[in-house]
Amino acid sequence: MAKHEADSLENVAKKLKQDMDTDQKPVRLEEALSGGLKEITKNPGCVDILFSVNCCGRCMLRFLGVRDFEIYELSSKEIKDILVKYLQTATTAKTERDVGTGSCMDQDVKEEEEEAICTACVGTVQYAEAIVDEIVERMQKEAYVTKTFNMNVTLPTSTLIRNHAMAIYWNQKLSSYPTAQVDIKEIFKLLISWPIERRTGLTLDFGSELRMQVAVKHEETKDDHVFLSKMKESGLIIKTKRENRKTIVVGDGRHHVVKALTLVKDNRFESCGHVPPTPVSTKPQLESIEMMRESVFVGGRYLKYTRDVSQTPWSIGTTMLAELSVSGIVCETLKNAFRADDFKFVTAGREDANVRMLGNGRPFYVELMNPRIPVLPSETIKQLEGEINTIMPDKVQIRHLAALRPEDTKIIKDGEETKTKSYSALCWTSKPVTQAMIDAVNEYNGKAFFVEQQTPIRVLQRRAQMIRKKEIHSLKAFPLEGHFMVVHLHTEAGTYIKEFVHGDLGRNQPSLASIIDCEADIMELDVLEVDLEFPPPECMS
């Protein structure tokens, strides 16, 4: 449904609910029929047609174009009784045979009898309220913190086929088919939303961030559309395929069926399908309820003090290569606090498990998916920061934890091209460290230069071979005893530091090894600073 149509429907429904008491509905129905509906007056026999094919009262109103939506809360039996009485009144000048009173009265179901299941909606609209208990129970179990909800529904594909068959049958019997019908999904949505509103205290709002998807199935008529696939002009191609060890059917979605119905002529439809639609003997069932809210984002900076913690879980097959991860320490607490289904941990770059993250920490954010709680006070977020910092205080801590706006997360993505990083590397050299080697490195202290780095050998199995040109902003070396020195580096983001030190078999030019004219390797690496302002100051306030 288009947004403006949904808003209009919502506004009409709310106004009706304000203006009208339940006891007035029969009166409103009579007013809608006599004052606004011309179809019965123009074609009195149309009601007979609807009765003859066992339409429920609600579908009768749909086909007749009644848009006084709250009237649909009357039961099917009540609507049928009023329709019959109205027809008798509106056509008093006609003979009993012309009016068709006998056929209508024959269908006037007694209160104690079970009404036949509607052949048009297969009971979805007729018994819509029957699924409300399950929906409310699920909503109460999930306990989303919200004042509103949005409702989307998926009805059996057979309702498309059966409504099309009704149109053909109507045109066969009468001169014209109503063009101002009410869509079945509109009515179904309102019929389940209104009692949900009353029982939960929430308000139906088509702009709500809490989206509920309700799907209804009807096994008895699930193959009603299959005959269309045997008609070449329909363009409906139904196939089965294996996916995740399951056989699934593709090509028979509602949009495919809708398109097929526009391509098939009425006489062809009737020759292969059923006009009018055939009776059904079973009621529809609730297939699924899905509830989803937009993600919320929390971000900050993390510090990693040890060389045995990976950034995210690190494993090969079923073997864990690092028992702990930063994401595992940080995210579970946040996920539980917001009562989210899952999380996504996103950082401004990454360091290997054996690399420490020191200084002001590395920027990160956590996307919390489908949170039941959308907002937490800043005081609570500060408490969560303290709670996380007590989990492994000697290994991982976080700073500046704050709630983020979705647009704030772009800072980390955009920063991939602009941020710089500072490192401290403990390096080994094949020759004893001399002052000449230190001086050769320190020539680049505050002097920028570029290096060309081929994709490192160690990651070739997962990254494309290419040459990356990266800028080293500054180098400074400090001698230690024997074959060791400490090198401080300030580099462009994305520079492979380990490969810059040892040269990666000549794939990195120039390298620290080429500058000091001997073999070199990196023993320990620390990230000292990630130069990116994050979280944004306005989030911290």
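Definitions and limits used
Residues numbered from 1 in each chain as written. Predicted model: local features only at pLDDT ≥ 70, side-chain atom pairs only at ≥ 80, totals over all residues. Heavy atoms only, no water. Pairing = 2+ DSSP bridges. Helix = DSSP H or I, 4+ residues; strand = E, 2+ residues; numbered from the N terminus. Buried < 20%, exposed > 50% of the residue type's maximum accessible area, 1.4 Å probe, protein only. Arc of directions from axis to C-beta. Contact = heavy atoms within 4.5 Å. Salt bridge = Lys/Arg side-chain N within 4 Å of Asp/Glu carboxyl O.

- Under an unreviewed UniProt entry, the name given to the chain is tRNA pseudouridine(55) synthase, and the source organism is Linnemannia gamsii.

What to know about the sheet that holds strand β3 (residues 210-217)
Logical step 1: If you trace the four strands from one edge of the open sheet to the other, you get β2-β1-β3-β6, paired in mixed fashion. With partners counted over all chains shown, the strands left at the sheet margins are β2 (203-204) and β6 (285-293), one partner each.
Logical step 2: Judged from the two bridges that link them, strand β1 (residues 148-154) and β2 form a sheet pairing that is parallel. By the bridge assignment, Phe 149 is partnered in β2 with Leu 204.

Points about the pairing of β1
Side-chain positions along a regular strand alternate between the two faces of the sheet.
Logical step 1: The pairing of β1 with β3 spans five bridges and is parallel. Considered in β3, the bridge of Met 151 is made with Met 212.

Thoughts on helix α15 (residues 378-388)
Logical step 1: If you check which residues of α15 are buried, you get Ile 381, Leu 384, Glu 385 and Ile 388. The buried residues of α15 all sit within an arc of 105° when viewed along its axis, so they share a single face. Summarising the geometry of α15, the exposed residues directed more than 90 degrees from the buried face are Glu 379, Lys 382 and Gln 383.
Logical step 2: Elements that come into contact with the buried residues of α15 comprise α14 (326-338) and β14 (396-404).

A few points about the pattern of salt bridges
Logical step 1: This model, assessed by the stated rule, comprises 28 salt bridges.
Logical step 2: Residue Arg 293 pairs with Glu 209 through a salt bridge whose shortest N-O separation is 3.0 Å. Of this pair, Arg 293 sits in strand β6 while Glu 209 is found in the loop between β2 and β3, placing the two residues 84 residues apart along the sequence.
Logical step 3: By relative accessible area, which is 2% here, Arg 293 ends up buried.
Logical step 4: Note on Glu 209: relative accessible area 37%, which makes it partly exposed.
Logical step 5: Salt-bridge contacts for Glu 351 lead to Arg 362; the nearest nitrogen and oxygen are separated by 2.7 Å. Residue Glu 351 is located in the loop between β12 (342-347) and β13 (355-369), and its partner Arg 362 is located in strand β13; the two are separated by 11 residues in the primary sequence. Both residues of the pair, Glu 351 and Arg 362, belong to the buried class.
Logical step 6: Salt bridges sharing partners connect three or more residues here, namely Arg 138, Glu 142, Asp 341 and Arg 372.

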